[in-house]
Structures are given as structure tokens and as C-alpha cells.
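Listed here are the chains, written in short residue letters.
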Amino acid sequence: MSNLTIRRIIVWAVSMVLGFVVGYGIITVGFDMLPLISSIEAPQGVSIDEYGILYFVFTAAPIGLVFVIWLDAFMDTRILPD
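Residues numbered from 1 in each chain as written. Predicted model: local features only at pLDDT ≥ 70, side-chain atom pairs only at ≥ 80, totals over all residues. Heavy atoms only, no water.

Colleague: So what's going on with the overall build of the chain? Residues and values would help.
Modeller: Along the chain, the regular secondary structure elements total three helices and zero strands. Buried positions account for 22% of the 82 residues belonging to the chain. When the accessible surface of the chain is totalled, it reaches about 5,800 Å², and 72% of it is carbon and sulfur. (Helix = DSSP H or I, 4+ residues; strand = E, 2+ residues; numbered from the N terminus. Buried < 20%, exposed > 50% of the residue type's maximum accessible area, 1.4 Å probe, protein only. Areas by Shrake-Rupley, 256 points an atom, 1.4 Å probe, with all protein chains shown as cover.)

Colleague: An account of unusual backbone geometry is requested, with residue identities and associated values reported.
Modeller: Located in the positive-phi region is aspartate 76, a residue other than glycine, with phi close to 50 degrees. Among the secondary structure elements, aspartate 76 is positioned in the segment after α3 (53-75).

Colleague: Give me the lowdown on the packing of aromatic side chains, citing residues and values where you can.
Modeller: The full count for this structure, using the stated rule, is three aromatic pairs. Judged by centre distance (5.5 Å) and plane angle (70 degrees), the rings of phenylalanine 20 and phenylalanine 56 are edge-to-face. Taken together, the residues phenylalanine 20 in helix α1 (residues 3-37) and phenylalanine 56 in helix α3 connect sequence positions 36 residues apart. For phenylalanine 56, a relative accessible area of 11% puts it in the buried group. Note on tyrosine 51 and tyrosine 55: the rings are 6.3 Å apart at their centroids and 65 degrees apart in plane angle, and the pair reads as edge-to-face. Tyrosine 51 sits in the partly exposed class, given a relative accessible area of 23%. Of the residues examined, tyrosine 55 reaches a relative accessible area of 57% and is grouped as exposed. (Phe/Tyr/Trp six-rings, centres within 6.5 Å; stacked < 30°, edge-to-face > 60°.)

Below, the structure written as C-alpha cells:
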């Protein structure tokens with residue numbers, strides 16, 4: 001495998017892990033802070049089971065794609081065209 005392929009695999013792996021960690025944080029901690037931001041009442045301690053596993057995947061994957069964009073720029077993997 002070439003060095004570029006290894007860097008691309010690292011970018012995808014790290015980005016998806018960060019996306020799922022940030023998504024988990026937003027769902028479990030972010031919903032607890034929602035009443036501080038607006039008048040909407042949110043349940044305390046929303047778990048992934050309550051939120052829904054499929055909804056969690058559809059929330060965390062786009063967040064991971066944001067990390068792909070930034071890590072692609074920093075690691076010069078040329079995943080996205082210039």
C-alpha cells in the first residue's frame with residue numbers, strides 16, 4: 001500500500017470515530033442543555049436507545065464527514081477534488 005492510501009484510511013477511520021463521539025456527546029449531553037438555550041423541555045439523559053440507533057447513525061455520519069473534510073485538508077490526502 002502506498003503512503004497516500006494509508007493516510008486516506010487513517011483520515012476515514014479517525015473522522016468516523018470523532019463523528020460518532022461528537023454525535024454521542026450532542027445527543028446525550030446536548031439535549032440536557034437544551035432548556036438553557038430555549039424554552040423547549042427536553043428529557044434528562046437521552047440515551048442512544050431512546051433516541052434510536054438508526055437516527056444516531058444518520059446524525060453521527062454527517063458529523064464524521066465534516067471531520068473528513070478538515071482532516072483531508074490538513075493531511076493532504078486529496079480525497080476531495082481541489
